[in-house]
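For reference, the chains in residue letters:
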Amino acid sequence: MPVTIEVKNGEVKAILQGEIDHHNAASMRKNIDESVERLRPKRLKLDFGEVTFMDSSGIGLVMGRYNTMSLIGGDVEINNPSASIEKIFNLSGISKIAKICSDKEE
Amino acid sequence: MRTPINEMRLTIESRSINEAFSRVAVSAFAAQLDPTVEEISDIKTAVSEAVTNCIVHAYENTSGRIYITAKIFEGGQIVVKIRDRGCGIPDIKQAMTPLYTSKGGERSGLGFSVMESFMDKVTVYSNLGRGTTVTLLKQINGRYSDD
């Protein structure tokens with residue numbers, strides 16, 4: 001599954017595309033972790049604006065990245081989830097560890 | 001036993017690539033109830049969770065078949081059964097506890113929580129060494145409901 005990485009001001013933004021399920025999450029994880037390990041950013045932004053489907057594998061993906069970012073002293077932000085994706089995030093209480101926000105006004 | 005007005009059966013191999021196919025197939029079958037976008041998304045997500053459980057847990061180090069049936073009843077109710085012949089669940093209550101996972105790492109432990117919050121009723125029947133059946137029920141009010 002495609003992940004586009006953008007680097008700006010010491011932040012890594014991973015733009016996720018398509019469907020996030022157990023099958024696709026593994027390659028997304030690998031893509032994101034490669035950039036995080038190489039760049040060691042202060043903040044990892046996960047952009048869900050182009051994600052068309054997500055199940056609880058997406059929560060696992062965020063939790064895993066939160067753990068990685070914690071180890072290097074950074075944090076994780078969730079950007080632009082659709083209503084149905086936000087419904088899943090709300091169920092998980094993930095907003096306690098990763099801020100959910102829109103970054104479209106930038 | 002109520003008689004369904006329509007029914008479909010689907011058998012898939014426990015390969016993760018089939019997760020997308022199975023959720024789309026069930027939601028396409030449900031489309032005849034004229035569901036809202038949200039209702040379709042709820043069904044897709046719940047089916048994806050149940051099928052993923054079969055692949056990740058039931059057939060963990062093996063492979064096998066996953067049997068899916070969907071039935072539509074008068075009044076707009078859909079009942080989806082996802083059955084495997086895998087290892088079975090030793091403790092169903094524990095398995096359904098939010099955030100509990102036997103896997104750790106990247107599994108969130110929220111599969112059953114997602115099914116329960118997106119469907120009206122979730123029933124789990126499991127037999128150790130024989131397999132598990134998850135039954136998902138949802139009332140579809142659809143796009144043409146009055147409210």
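In this report, the structure presented in the accompanying data block is examined. Because the structure is a prediction, the values reported are computed rather than measured.

### Topic: the overall build of chain A
Along the backbone of chain A there are three helices and five strands. Start at the N end of chain A and walk to the C end: the helices and strands fall as β-β-α-β-α-β-α-β. Whereas a compact globule of 106 residues would reach a radius of gyration of roughly 13 Å, chain A reaches 12 Å, a difference of no more than 12%. Taken along the three principal axes of its C-alpha coordinates, chain A extends 30 × 30 × 25 Å. For chain A, the proportion of its 106 residues judged to be buried stands at 48%. As presented, chain A carries roughly 5000 Å² of accessible surface, and 49% of it is formed by carbon and sulfur atoms. Separation of charge centres in chain A, based on 14 positive and 16 negative side chains, amounts to 5 Å.

### Quick word on the sheet that holds strand S3 (residues 43–54) of chain A
All names here are of chain A. Pairing is mixed across the open sheet formed by five strands, whose spatial order is S1-S2-S3-S4-S5. Since the sheet does not close on itself, it has two edges, and those belong to strand S1 (3–8) and strand S5 (99–101), each with one partner. Across the sheet, the axes of successive neighbouring strands diverge by a mean angle of 25°, strand direction being ignored. In this structure, S3 lies alongside strand S4 (residues 75–79), joined through five bridges in parallel fashion. Opposite Asp-47, over in S4, you have Asn-79 as the bridge partner. Across the sheet, helix H2 (residues 56–71) lies against strand S2 (11–20), S3 and S4, angled at about 170° from S3, the strand it touches most.

### Notes on the nonpolar core
Ranked by size, the top nonpolar core spans 35 residues in total, and within it B:Ile66, B:Ile68, B:Ile78, B:Val80, B:Ile82 and B:Leu136 carry the most contacts. Among the elements of the structure, strand S1 (6–13), helix H1 (18–30), helix H2 (37–58), strand S2 (65–73), strand S3 (77–84), helix H4 (111–118), strand S4 (121–127) and strand S5 (131–139) of chain B are those that each provide at least two residues to this core. No other element matches the nine residues that H2(B) contributes to this core. Setting aside residues no more than four positions away along its own chain, B:Ile68 makes contact with B:Met8, B:Arg9, B:Leu10, B:Ile12, B:Ser22, B:Val26, B:Val51, B:Val80, B:Lys81 and B:Ile82. The next biggest cluster of nonpolar side chains, apart from the first, holds 28 residues, and it includes A:Val36, A:Met54, A:Ile88 and B:Phe118.

### Some remarks on unusual backbone geometry
Unusually for a residue other than glycine, A:Arg40 sits at a positive phi of about 40°. Following the sequence through the fold, A:Arg40 ends up in the loop between helix H1 (22–39) and S3. Accessibility expressed as a relative area gives 55% for A:Arg40, which makes it exposed. One non-glycine residue, B:Asp34, lies in the positive phi region at around 50°. Among the structural elements, B:Asp34 can be located in the loop between H1 and H2. Note on B:Asp34: relative accessible area 29%, which makes it partly exposed.

### Considerations on the sheet that holds S2(B)
All names here are of chain B. With antiparallel pairing, five strands are arranged side by side in an open sheet as S1-S2-S3-S5-S4. Edge positions in the sheet fall to S1 and S4, since each has one partner strand and no second. Across the sheet, the axes of successive neighbouring strands diverge by a mean angle of 10°, strand direction being ignored. Taken together, the eight bridges between S2 and S3 define a ladder with antiparallel strand orientation. Paired with Ile-68 across the two strands is Ile-82, which belongs to S3. Lying over the sheet, H1 contacts S1, S2 and S3, oriented at roughly 175° with respect to S1.

### So, the side chain of B:Thr45
Position of B:Thr45 among the secondary structure elements: in helix H2. Looking at B:Thr45, the relative accessible area reads 1%, which means it is buried. A polar side-chain atom of B:Thr45 sits 2.6 Å from the main-chain carbonyl oxygen of B:Ser41. In contact with B:Thr45, not counting residues within four places along its chain, are A:Phe53, A:Met54, A:Asp55, A:Ile88, B:Val114 and B:Phe118.

### So, the pairing of S4(B)
Residue and element names in this part refer to chain B. Going residue by residue along S4, you find Val-122, Val-124 and Ser-126 tucked away on one face and Lys-121, Thr-123, Tyr-125 and Asn-127 left uncovered on the opposite face. Here seven bridges tie S4 to S5, and the two strands are oriented antiparallel to one another. Each residue of the ladder has a partner; that of Ser-126, found in S5, is Thr-132.

Calculation criteria
Residues numbered from 1 in each chain as written. Chains lettered and ligands numbered in written order. Predicted model: local features only at pLDDT ≥ 70, side-chain atom pairs only at ≥ 80, totals over all residues. Heavy atoms only, no water. Helix = DSSP H or I, 4+ residues; strand = E, 2+ residues; numbered from the N terminus. Rg over C-alpha atoms; globule rule 2.2 N^0.38 Å. Buried < 20%, exposed > 50% of the residue type's maximum accessible area, 1.4 Å probe, protein only. Areas by Shrake-Rupley, 256 points an atom, 1.4 Å probe, with all protein chains shown as cover. Lys, Arg positive; Asp, Glu negative; His and termini not counted. Charge placed at Lys NZ, Arg CZ, Asp CG, Glu CD. Pairing = 2+ DSSP bridges. Axes fitted to C-alpha atoms, helices over the stretch in contact; angles between N-to-C directions. Contact = heavy atoms within 4.5 Å. Core = buried A, V, L, I, M, F, W, Y, C linked by side-chain atoms within 4.5 Å. Polar contact = N/O pair within 3.5 Å; in protein donor to acceptor, adjacent residues only side chain to side chain.

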